[in-house]
Amino acid sequence: MRELEVEKELDMEGVGKEDEDWLTSCRLCPRNCRVARGAGEKGICRCDARIRVARASLHLWEEPCISGERGSGTVFFSGCSLGCVYCQNQAISRGDVGRTLTMEELARLYLILQEQGAENINLVTPTHYAASVRESVELARKQGLVLPIVYNCGGYERVDTLRMLEGIVDIYLTDFKYMDEVRALRYSQALDYPQAARAALAEMVRQQGKLVFDQRGMMKKGVILRHLLLPGWVENGRQVVQEAFSRYGNQICYSLMNQFTPMASPEKYLELNRRVTKREYEALVNYALELGVENGFIQEGETAQESFIPDFEDQGLLGLL
């Protein structure tokens with residue numbers, strides 16, 4: 001039985017018409033909480049209907065075709081519908097930090113990032129704010145936003161929600177974490193993750209099934225599938241890559257990541273209390289190459305370090321609003 005945190009009085013200034021339609025009985029993600037977020041109730045994402053942003057900044061640590069030389073204009077939303085026990089961004093994914101913005105302020109934030117020279121607008125963990133994303137992007141485009149929109153998510157998406165974003169999102173930067181239901185349940189409380197991620201990826205490819213780059217190699221349209229290798233999970237990683245490649249081949253990009261940083265409680269998840277070994281990562285990369293992956297990114301060197309976790313105490317460009 002999940003507990004709902006209900007605020008009796010809620011300032012709805014930052015909530016747009018799409019939110020009112022969707023959040024009366026929230027079903028934006030596969031959790032299907034159906035809570036009245038517009039009335040102040042909070043679902044598994046730990047957020048009500050108000051738009052909360054934890055950080056906005058130019059970010060240089062994404063894939064090269066996303067960050068480029070100037071940086072990706074990242075907007076980190078507070079809360080998360082997945083809640084993985086090993087999350088590197090727990091400070092924001094638990095909904096504990098963040099500033100409440102109106103729809104107009106969120107749109108203005110995109111424009112500020114554009115003015116700062118961002119390569120794109122990179123919306124991080126946006127699933128539970130998908131309706132607000134749609135409306136805020138439409139508003140910003142009317143005010144001069146021309147950058148590609150990156151939907152940077154955990155892969156646990158509803159197809160209906162993604163269809164609502166067609167024509168809004170240019171690039172899907174999506175995780176595919178598990179092909180194993182048991183692990184999906186243990187580490188993300190999402191037994192249906194493999195099925196949801198598979199269906200979501202199919203919809204993303206339907207919308208953006210052709211990779212488009214500019215002359216500088218910056219992605220303008222397409223899908224990037226990320227897989228973060230966890231310690232001891234090489235076979236799961238192989239299954240993820242095989243599943244995607246068998247369906248989409250080099251129609252999408254693959255980003256194989258070794259930056260796992262132990263974050264889970266060592267008392268409860270002892271098996272996650274170490275980093276990925278060089279041998280494990282090379283085994284996954286070599287498998288992808290043997291399959292025929294050509295459009296891909298790998299990580300080299302010591303990427304599993306705290307410098308790859310943004311400082312959410314410093315809220316970046318939020319101070320300019």
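Residues numbered from 1 in each chain as written. Predicted model: local features only at pLDDT ≥ 70, side-chain atom pairs only at ≥ 80, totals over all residues. Heavy atoms only, no water.

(A) Spatial organisation of the overall build of the protein. The helix and strand tally for the protein stands at 10 helices and 10 strands. Across the 321 residues that make up the protein, the buried fraction comes to 57%. For the protein, contacts bridging at least 24 residues in sequence account for 74% of all contacts bridging at least 6. Carbon together with sulfur atoms contributes 46% to the accessible area of the protein, which is approximately 14,000 Å² in total. (Helix = DSSP H or I, 4+ residues; strand = E, 2+ residues; numbered from the N terminus. Buried < 20%, exposed > 50% of the residue type's maximum accessible area, 1.4 Å probe, protein only. Contact = heavy atoms within 4.5 Å. Areas by Shrake-Rupley, 256 points an atom, 1.4 Å probe, with all protein chains shown as cover.)

(B) Layout of the packing of helix H9 (residues 234-248) against helix H10 (residues 278-291). Two numbers describe how H9 lies on H10: the axes approach to 10 Å, and their chain directions differ by 20°. Here H9 is positioned roughly parallel relative to H10, judged by the angle of their axes. The handedness of the crossing between H9 and H10 is right-handed. From H9, Val234, Gly237, Arg238, Val241, Gln242 and Phe245 reach across to H10, where they touch Glu280, Ala283, Leu284, Tyr287, Ala288 and Leu291. Its residues assigned to classes, the contact of H9 with H10 shows 8 nonpolar, 2 polar and 2 charged. (Axes fitted to C-alpha atoms, helices over the stretch in contact; angles between N-to-C directions. Parallel < 35°, antiparallel > 145°, perpendicular 65-115°, else oblique. Left-handed = near helix turned anticlockwise from the far one by under 90°. Nonpolar A, V, L, I, M, F, W, Y, C, P; charged D, E, K, R; others polar.)

(C) Looking closely at the pattern of salt bridges. Considering all chains together, one arrives at 22 salt bridges under this definition. Linking Glu119 and Arg70 is a salt bridge whose minimum nitrogen-to-oxygen distance equals 3.2 Å. Note that Glu119 is positioned in the loop between helix H4 (103-115) and strand S4 (121-124) and Arg70 in the loop between helix H2 (64-67) and strand S2 (72-77), a separation of 49 residues in sequence. Here Glu119 makes a salt bridge to Arg216, at a shortest N to O gap of 2.8 Å. (Salt bridge = Lys/Arg side-chain N within 4 Å of Asp/Glu carboxyl O.)

(D) Geometry of the side chain of Asn236. Along the chain, the position of Asn236 falls in helix H9. From its side chain, Asn236 meets the backbone nitrogen of Met179 in a polar contact 3.0 Å long. Once residues within four sequence positions are removed from consideration, Asn236 is found in contact with Lys177, Tyr178, Met179, Asp180, Arg183 and His227. (Polar contact = N/O pair within 3.5 Å; in protein donor to acceptor, adjacent residues only side chain to side chain.)

(E) Representation of the environment of Val182 in the model. Checked against the element boundaries, Val182 lands in helix H7 (residues 181-188). Put simply, Val182 and Asp192 are 10 residues apart on the chain and 9.7 Å apart in space, counted from C-alpha to C-alpha.

(F) A look at the state of the cysteines. This model, assessed by the stated rule, comprises 0 disulfides. Unpaired in this structure, Cys80 has its nearest cysteine sulfur neighbour in Cys87, at a distance of 6.4 Å. Judged by its relative accessible area of 16%, Cys80 falls in the buried class. Between Cys253, a free cysteine, and Cys65, which holds the nearest cysteine sulfur, the sulfur-to-sulfur gap is 5.6 Å. For Cys253, a relative accessible area of 3% puts it in the buried group. (Disulfide = S-S within 2.5 Å.)

(G) Here's a closer look at the environment of Thr100. Position of Thr100 among the secondary structure elements: in strand S3 (residues 99-101). Each C-alpha atom, one on Thr100 and one on Ser78, is 9.5 Å from the other, the two residues being 22 residues apart in sequence.

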